[in-house]
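# Observations on the model geometry
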Amino acid sequence: MGALLSLAGAVATSPFKRPDATATLPKTRLTRETTVPKDRLTRYEELCGFTRGAGLPLPYPHLLGFPLAMRIMSRRGFPLPLLGLVHTWITIERHAPLTVDDRLEIAVHAESLAPHRRGAEVTMATEARVAGELVWESRSGYLARHARGKAAQGTDRRPSEGPGGHTALAEWRLPADLGRRYAAVSGDRNPIHLHPLTARAFGFPRAIAHGMWTFARCVAEVERDGGEVDNVRADFRAPVLLPAAVTYAADGAGRFQLRGAADRVYLTGETSARSA
């Protein structure tokens, strides 16, 4: 509910901001202590394909930090408009095992702001601690796009990557209501994921799958095939319009993709196994 209220409160101010990669980021660092809501976690595991157990799914602390990130990005002093931000990439590193019974200290801050060929991109950092020890951290890139037709400088740091070298391993059919179902377990009620009408307001013909769902579903499949991982990076390359049929593919060396018809690549990623 807190994330939803933050999003609603941002509606009045965010549309009037212009992306500015030269602005100064706020030094705000927000923290919270929390336990894992077990009923919501169970629904998350089922929706994203994780095997239920004592361990916490690798992406899950990101959800616990999401309300804090929303509060930072929705403030008047934040240099980018919240509405319309595009999640472009994520990295996660787990330093120690996490269980559903851990009491987590979650901290979020805006780490950096950089020009991008399509606008300006901010990096948000999320950290999780148990009894003061850093056990998990992530970095996420969010892009604020310039208005159509406006020249932009800066680079897209993601290398181009096609489907070559990846073997199709699974096909998933994504229902039209996937965005609403993910919102119910994540608290992220971005209108582009909820309904065709709200998605059209942001230039999408239909609702799109949430990037963090596609990411989590791929991580779950990686672990199903090869065991638990502690380090992962993913790049979100194209929106998945719902409903959809998508293919999960991997190369056997830790790299994976999610793609659609005509080998359109939606997501690419790479994982590293836990060291002994």
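In this text, all values refer to a predicted model and were calculated from it rather than measured experimentally. (Residues numbered from 1 in each chain as written. Predicted model: local features only at pLDDT ≥ 70, side-chain atom pairs only at ≥ 80, totals over all residues. Heavy atoms only, no water.)

## A word on the side chain of aspartate 230
Cut-off, in case you're wondering: Helix numbers and strand numbers start at the N terminus; a helix is a DSSP run of H or I with at least 4 residues, a strand a run of E with at least 2. Any pair of N or O atoms that falls within 3.5 Å is considered a polar contact. Within protein, one atom must be able to donate a hydrogen and the other to accept it, and sequence-neighbouring residues count only if both atoms are side-chain atoms.
Tracing the chain through its elements places aspartate 230 in strand β7 (residues 229–236). At 2.7 Å, the side chain of aspartate 230 and the side chain of arginine 94 are in polar contact.

## Structural notes on the nonpolar core
For soluble globular proteins, nonpolar side chains are generally found buried alongside one another. We count it as follows: What makes a nonpolar core is a set of buried Ala, Val, Leu, Ile, Met, Phe, Trp, Tyr and Cys residues whose side-chain atoms join them at distances within 4.5 Å. Summary of the burial criterion: residues with accessible area below 20% of their type's maximum are buried, those above 50% are exposed, and those between are partly exposed, where the area comes from a 1.4 Å probe applied to protein chains only.
In terms of nonpolar packing, the biggest core is built from 71 residues, with Tyr44, Met124 and Phe215 touching the most fellow members. Per-element tally for this core: the top contributor is helix α3 (residues 60–73), with nine residues.

## Considering the side chain of histidine 193
Stated precisely, the cut-off is as follows: Contacts: residue pairs with any heavy atoms within 4.5 Å of one another.
Relative to the helices and strands, histidine 193 is located in the loop between α4 (178–186) and α5 (196–200). Within the structure, the side chain of histidine 193 is placed 2.8 Å from the backbone oxygen of isoleucine 208, a separation counted as a polar contact. Excluding its chain neighbours within four sequence positions, the residues that come into contact with histidine 193 are Gly179, Arg180, Ala207, Ile208, Ala209, His210 and Gly211.

## Thoughts on the packing of aromatic side chains
Stated formally: For this analysis, a ring pair means two rings from Phe, Tyr or Trp (six-membered ring only for Trp) whose centres lie within 6.5 Å, classed as stacked if their planes differ by under 30 degrees, edge-to-face if by over 60, and tilted for the remaining angles.
In this structure the tally under the stated criterion is four aromatic pairs. Look at tryptophan 172 and tyrosine 248: their rings are 5.7 Å apart centre to centre, the planes differ by 25°, and that puts the pair in the stacked class. Placement of the pair is tryptophan 172 in strand β6 (residues 167–174) and tyrosine 248 in strand β8 (residues 244–250), with a sequence separation of 76 residues. Under the relative-accessibility criterion, tryptophan 172 is labelled buried at 9%. The class of tyrosine 248 is buried, set by a relative accessible area of 2%. Connected via pairs of aromatic rings, a cluster forms that spans Tyr44, Phe50 and Tyr60.

## Some words on the pairing of strand β3 (residues 103–116)
What counts is decided by this rule: At least two DSSP bridges between two strands are needed for those strands to be called paired.
With seven bridges joining them, strand β1 (residues 29–35) and β3 adopt antiparallel strand pairing. Bridge pairing links arginine 32 to isoleucine 106 in β3.

## Considering the packing of helix α2 (residues 38–48) against α4
What counts here: Axis angles are defined between N-to-C directions and span 0 to 180 degrees, where every axis is a line fitted to C-alpha atoms and, for a helix, only to the segment in contact. An angle counts as roughly parallel when it lies under 35 degrees, as roughly antiparallel when it exceeds 145, as roughly perpendicular when it falls between 65 and 115, and as oblique in every other case. Helix crossings are classified by the rotation of the near helix relative to the far one: an anticlockwise turn of less than a right angle makes the crossing left-handed, while a clockwise turn makes it right-handed.
Two elements in contact, α2 and α4, have axes whose closest approach is 9 Å; the angle formed by their N-to-C orientations is 150°. Here α2 is positioned roughly antiparallel relative to α4, judged by the angle of their axes. The element α2 and its partner α4 pack so that their crossing is left-handed. Counted together, Arg40, Arg43, Tyr44, Leu47 and Cys48 of α2 and Leu178, Arg181, Tyr182, Ala184 and Val185 of α4 form the full contact between these two elements.

## As for the pattern of salt bridges
Pairs can form between side chains of opposite charge once their charged atoms are near each other. The test is simple: Between Lys or Arg on one side and Asp or Glu on the other, a salt bridge is scored when a side-chain nitrogen of the former is within 4 Å of a carboxyl oxygen of the latter.
Counted under the stated rule, the structure contains 16 salt bridges. Glutamate 33 serves as the salt-bridge partner of arginine 103, at 3.2 Å between the closest nitrogen and oxygen. With a gap of 70 residues between them, arginine 103 in strand β3 and glutamate 33 in strand β1 connect regions that are remote in the sequence. Given the relative accessible area of 46%, arginine 103 is considered partly exposed.

## Some words on α4
Where α4 is concerned, the buried positions are Leu178, Gly179, Tyr182, Ala183, Val185 and Ser186. Tucked inside the fold, the buried residues of α4 contact α2, α3, β6 and α6 (211–226). A positive phi of about 85° marks glycine 187, the residue just after α4.

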